[in-house]
Amino acid sequence: METMDIVGKSKEDASLPKATMTKIIKEMLPPDVRVARDAQDLLIECCVEFINLISSESNEVCNREDKRTIAPEHVLKALQALGFGEYIEEVYAAYEQHKIETVQDSLKGGKWSNGAEMTEEEAVAEQQRMFAEARARMNGGAVAPKQPDPDQSVES
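Anyway, here's the lowdown on the structure attached to this text.

Cut-offs applied
Residues numbered from 1 in each chain as written. Predicted model: local features only at pLDDT ≥ 70, side-chain atom pairs only at ≥ 80, totals over all residues. Heavy atoms only, no water. Phe/Tyr/Trp six-rings, centres within 6.5 Å; stacked < 30°, edge-to-face > 60°. Helix = DSSP H or I, 4+ residues; strand = E, 2+ residues; numbered from the N terminus. Buried < 20%, exposed > 50% of the residue type's maximum accessible area, 1.4 Å probe, protein only. Salt bridge = Lys/Arg side-chain N within 4 Å of Asp/Glu carboxyl O.

A short note on the packing of aromatic side chains
Here comes step 1: The full count for this structure, using the stated rule, is three aromatic pairs.
Here comes step 2: Taking the centre distance of 5.2 Å and the plane angle of 90° together, the rings of Phe50 and Phe84 count as edge-to-face. Residue Phe50 is located in helix H2 (residues 37-64), and its partner Phe84 is located in the loop between helix H3 (72-81) and helix H4 (88-107); the two are separated by 34 residues in the primary sequence.
Here comes step 3: Owing to a relative accessible area of 23%, Phe84 belongs among the partly exposed residues under this scheme.
Here comes step 4: Residues Tyr92 and Tyr95 carry aromatic rings whose centres are separated by 6.2 Å and whose planes lie at 50° to one another, so their mutual orientation is tilted. In this pair, Tyr92 and Tyr95 are both assigned in helix H4, three residues apart and thus about one turn of the helix distant.
Here comes step 5: Owing to a relative accessible area of 41%, Tyr92 belongs among the partly exposed residues under this scheme.
Here comes step 6: Every member of this aromatic cluster is reached through a ring pair, and the members are Phe50, Phe84 and Tyr87.

Remarks on the pattern of salt bridges
Here comes step 1: Enumeration over the complete set of coordinates arrives at seven salt bridges.
Here comes step 2: Salt-bridge contacts for Glu96 lead to Lys99; the nearest nitrogen and oxygen are separated by 3.3 Å. Pair noted here: Glu96 and Lys99 are both in helix H4, with a separation of three residues, about one helical turn.
Here comes step 3: Residue Lys99 is classed as partly exposed on the basis of its relative accessible area of 36%.
Here comes step 4: One continuous salt-bridge network, built from bridges that share partners, spans Glu126, Arg129 and Glu133.

Here is the structure:
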């Protein structure tokens, strides 16, 4: 029978991306220091266990406050309760930076942005084209062909 972790999944199910973790480990060390593969695996396992520990304690803090959703303040209280109080300021600063970056990303268009900026006129034209396609589908008619982009030339 395989061992189960806190959330009832096998240890193999709860892991971190090895490539990402290796990159983080290497970024923290001087360039002339090498890390054995076994040591990398051990560090990754330690990170997984730390996350499980913090998550479990955060859940307990959340339950004590009769809440159903773990909030950032629950994580900070968990860090304090587990003896990691000296890291709270740095963790909170990282959290604040993450919030700022998330807001900036959403202002840039988030997941719907394709990286290309549209003028208002282009956006209205694209919206009208999409409405026309939707109407045609709803009415069982043919979809109107996409209008060619006037900025792109057709080469033969």
